[in-house]
Amino acid sequence: MQLGFLMESEDRNTVFWIERRGRGISPRSHGGTEANKATPEIPRTSALGGRHNVYLQATPIDVAPILKNTLFEQLETTVLTSATLAVSGGFSYVKKRLGVEHAREVVLPSHYDYERQALFYVPPDLPDPRTPPFAAKAADRIRRILEVSRGRAFVLFTSYAQMNEIYQRLLGQLEFPMLLQGDAPKSALLEEFRLTPQAVLFATSSFWQGVDVQGEQLSCVIIDRLPFAVPSDPVVAARVKAIDAEGGNAFFDYQVPAAVITLKQGFGRLIRSLHDRGVLTLLDNRILKKAYGRMFVESLPNYRRTTDLREVEEFFGG
């Protein structure tokens, strides 16, 4: 039945693709898929001897009608709550994505004093993260920030390639213990980070949410670039095509709001209690220069903001 659906279905609300991954990496582990209708796994051995898994995938393009029929219409009352649902102070994006038609809405103030507890730093002088010079410049700025924060940081990336390149550039340049996603299971890396003074963890999407490290051990979160989904991803490409076909603007209606929520989740790793304090760094200054950057800024908590590295030094006591 699964193979029949994957090979023969003409469901226009489903995107189909084949994906091959190396051993130990689950399909679409970089996130984004709400519900795979069918994902049979076919083990294969490559000519080089390494084991690969081939996945036949089917994913809904629009989950709104599915949630409406199977969830919202079956219940008298549903409460949706999260620290990251709102974009630009409202719920238009998430309501459309989830198929919520009639709802009472409220954005509640946080009990954290973000202006006092957190400093948001964006370097204005770094090159565009989509250009070749970015990695070297970003690695140097990360090194300087970590020297000021005395380690105690998550450095979060939107791609494994960028993570590995900058990690290699900083090897031997930092006096702090460096942990790398992939060297150990997620739970083991988190435990090692908690127990290792001044540790720095280099990680990708799986550490952007659901991770809780309180206290001074995590005093800095650095994000390499605005977390736009990869446009060549089959699900993203299908959703962009569907929105544009309906006369919408996929970039502002889907890609920017989705990236806003992801950025809020990543920055949310830092302030986890009333006593936490630290610096949030975004190395992508498109948030300052592009028109869509305003949507990101308006959606973030009321962090104190700066473009001056000296203020970061002052925040950490010089």
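One structure accompanies this document, and this report is about it. (Residues numbered from 1 in each chain as written. Predicted model: local features only at pLDDT ≥ 70, side-chain atom pairs only at ≥ 80, totals over all residues. Heavy atoms only, no water.)

## Describing unusual backbone geometry
Turning to step 1, where the next piece is worked out: The phi torsion at Arg150 lies on the positive side, around 60°, for a residue other than glycine.
Turning to step 2, where the next piece is worked out: When you line up the elements, Arg150 lands in the loop between α5 (134–149) and β5 (153–156). (Helix = DSSP H or I, 4+ residues; strand = E, 2+ residues; numbered from the N terminus.)

## So, the pattern of salt bridges
Should their charged atoms come close, side chains of opposite charge can pair.
Turning to step 1, where the next piece is worked out: With the rule as written, the count across this model stands at 15 salt bridges.
Turning to step 2, where the next piece is worked out: Ionic pairing is found between Glu105 and Lys95, a salt bridge with its closest N-O pair at 2.7 Å. Here the residue Glu105 occupies a position in the loop between α3 (92–98) and α4 (114–117), and Lys95 occupies one in helix α3, the gap between them amounting to 10 residues.
Turning to step 3, where the next piece is worked out: Here Lys95 falls in the partly exposed class, since its relative accessible area comes to 23%.
Turning to step 4, where the next piece is worked out: Residue Asp140 pairs with Arg143 through a salt bridge whose shortest N-O separation is 2.6 Å. Here Asp140 and its partner Arg143 are both found in helix α5, 3 residues apart, which amounts to about one turn of the helix.
Turning to step 5, where the next piece is worked out: Residue class for Asp140 comes out partly exposed when judged on its relative accessible area of 34%. (Salt bridge = Lys/Arg side-chain N within 4 Å of Asp/Glu carboxyl O. Buried < 20%, exposed > 50% of the residue type's maximum accessible area, 1.4 Å probe, protein only.)

## Some thoughts on the sheet that holds strand β10 (residues 304–306)
Turning to step 1, where the next piece is worked out: Here we have 7 strands laid out as an open sheet, ordered β6-β7-β5-β8-β9-β4-β10, and parallel in their pairing. In the strand order of this sheet, the two ends are held by β6 (178–180) and β10, each with one partner. Strand-to-strand twist across the sheet, computed as the mean angle between neighbouring axes with direction ignored, equals 15°.
Turning to step 2, where the next piece is worked out: Note that β6 and strand β7 (residues 200–203) share 3 bridges and pair parallel. (Pairing = 2+ DSSP bridges. Axes fitted to C-alpha atoms, helices over the stretch in contact; angles between N-to-C directions.)

## Structural notes on the packing of α5 against helix α6 (residues 160–170)
Turning to step 1, where the next piece is worked out: As a packed pair, α5 and α6 sit with axes 9 Å apart at the nearest point and diverge in direction by 60°. When the interaxial angle is binned, α5 and α6 end up oblique. Handedness of the α5/α6 crossing: right-handed. Note on element contacts: α6 touches α5 through Gln162, Glu165, Ile166, Arg169 and Leu170, opposite Phe134, Ala135, Ala136, Ala138, Ala139, Ile142 and Arg143.
Turning to step 2, where the next piece is worked out: Grouping the constituent residues of the contact of α5 with α6 by class yields 8 nonpolar, 1 polar and 3 charged. (Parallel < 35°, antiparallel > 145°, perpendicular 65-115°, else oblique. Left-handed = near helix turned anticlockwise from the far one by under 90°. Contact = heavy atoms within 4.5 Å. Nonpolar A, V, L, I, M, F, W, Y, C, P; charged D, E, K, R; others polar.)

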